[in-house]
Amino acid sequence: MDVEDVEAFNILCLPFELLAHVFMLLDGATIASVSQVCKRFYEVSNVKIVWQTLCFREYNFTPEHFSTWNTTYKIIYTKVLRKYGKLVGTWQPKINPYGGLLSITFNDGGLIGTQYFAPPDPNVCAPLRQKKVFKITVDNDNITRLLCLKGKPSDVHPFQFTPGGSIDDFSFKCSKPDRHRKGSNKQEQLQQWIKEELGIDIQPCAVDYRLELLRIQFFINMQFDSSCNFRRLHIPTKRKPEHPVRPGLYKGTYGGHGIELVMVSYHDDLLHGVKVTGDPNVPADQLSIQAHINEPMILDRDNQYSLAQLEALTKEDVLVPVDKQKTRQPFIVPRDVMDRGMSKVNDEMDLTHCIGR
């Protein structure tokens, strides 16, 4: 191609399909700008595949997600994803000392925020309870709607979203928190909440240590019911061969505080279990478990008979070479330790042995 041919070249002469392919390589802001250059660019900017590609590349928004929406890829990108798409992920409410777990996903024609709660104690093998908190979507007029779902299903109402100082923080503020109430007064709301937490119907006036802890938690949580700040949780997933268990989220029993959620991660030769949901004794975000994975041990049944016998052991009694880290060995709950639902767990898996300590 000589100089005259180069000077004569006009991008508008490219076939429509080729122009669309070029637009697919651009980001959303650039497409918005070039669409104003001329009518042909405007027409290309409205091609479905351009916005479908952009939604997937920037936000991993798939055709399966799109199938539940009643609008176009362009509207989804410009009205929802561009401002709120980075919210997809796992979050923790900043409620000291209790924390919590919130997952934001593409679902049901919007961005759905779902809170997850531990199952009623001591059913540690039961699935997490879940409750939808909010939805970000567009209505039939393609107007962005931020809807709070904390009230009755027939009574959705607006909420305000405020981004934090980074992409790992945001705040939620409901415009009509009085619509969240389940019951005509605080006593009825407390009773309903206790029933959900324990899985049984108990009068909140009953005298019980667990109930007193729940009352305290209820009134603290109520302070954050209408307005709450969230921080992103970065949950590890990669497991190395020397890791005894997979990193990620686990459920654990914590005495009178019930079942709580713990995030397991690895730091050099240490396994850390950090509370995702906490309590006044060990609050959320605090270290609850620490194990030295470079010091494997083997215990026989007699070693585990009681707490006293476990406490009397020294490292020299139980440590083994690292190459014997994953050695099948007996596991029993010491006779003076409360079961805390272990018998229920035994129905789901073999708890008579473990593959390493």
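Residues numbered from 1 in each chain as written. Predicted model: local features only at pLDDT ≥ 70, side-chain atom pairs only at ≥ 80, totals over all residues. Heavy atoms only, no water.

> Please provide a residue-by-residue account of the environment of P244, values included.
Here P244 lies in the loop between β8 (227-232) and β9 (248-253). Take P244: its relative accessible area is 30%, and that puts it in the partly exposed class. Separated by 111 residues in sequence, P244 and I355 have C-alpha atoms that sit 8.5 Å apart. (Helix = DSSP H or I, 4+ residues; strand = E, 2+ residues; numbered from the N terminus. Buried < 20%, exposed > 50% of the residue type's maximum accessible area, 1.4 Å probe, protein only.)

> Any details on the nonpolar core? Residues and values, ideally.
Nonpolar side chains in soluble globular proteins tend to be buried together. Counting 46 residues, the largest nonpolar core has F61, I136, F170 and F172 as the members making the most contacts within it. The greatest single-element share of this core, amounting to 7 residues, is contributed by helix α7 (residues 73-84). I136 has contacts with W69, V80, Y84, L87, G110, L111, T144, R145, L146 and F159, leaving out every residue within four places of it along the chain. V124, L233, V276 and L351 belong to the second-largest nonpolar core, a separate cluster that totals 10 residues. (Core = buried A, V, L, I, M, F, W, Y, C linked by side-chain atoms within 4.5 Å. Contact = heavy atoms within 4.5 Å.)

> How would you explain the packing of helix α2 (residues 16-24) against helix α5 (residues 48-59) if you had to name every residue and give the values?
Between α2 and α5, whose axes approach to 9 Å, the crossing angle comes to 20°. Here α2 lies roughly parallel to α5, going by the angle between them. Like other packed secondary-structure pairs, α2 and α5 cross with a definite hand, here right-handed. For the pair α2 and α5, contact is made by A20, F23 and M24 and by I49, V50, T53 and R57, respectively. Here the contact of α2 with α5 is built from residues that sort into 5 nonpolar, 1 polar and 1 charged. (Axes fitted to C-alpha atoms, helices over the stretch in contact; angles between N-to-C directions. Parallel < 35°, antiparallel > 145°, perpendicular 65-115°, else oblique. Left-handed = near helix turned anticlockwise from the far one by under 90°. Nonpolar A, V, L, I, M, F, W, Y, C, P; charged D, E, K, R; others polar.)

> Describe the pairing of strand β4 (residues 129-138), listing the residues and the values that go with them.
With 7 bridges connecting them, strand β3 (residues 110-117) and β4 associate as antiparallel partners. If you follow F117 over to β4, its bridge partner there is R129. Judged from the 5 bridges that link them, β4 and strand β5 (residues 144-148) form a sheet pairing that is antiparallel. When the sheet's bridge partners are listed, F134 is paired in β5 with C148. Hairpin geometry of β4 and β5 is characterised by an intervening segment of 5 residues between the two adjacent antiparallel strands and by a positive phi of about 60° at N142. (Pairing = 2+ DSSP bridges.)

> Give me the lowdown on the state of the cysteines, citing residues and values where you can.
Under the criterion given, the structure shown has 0 disulfides. Residue C148 stays outside any disulfide, its sulfur separated by 3.8 Å from that of C174, the closest cysteine. There is no disulfide at C354, and the cysteine sulfur nearest it, in C125, is 16 Å away. For C354, a relative accessible area of 16% translates into the label buried. (Disulfide = S-S within 2.5 Å.)

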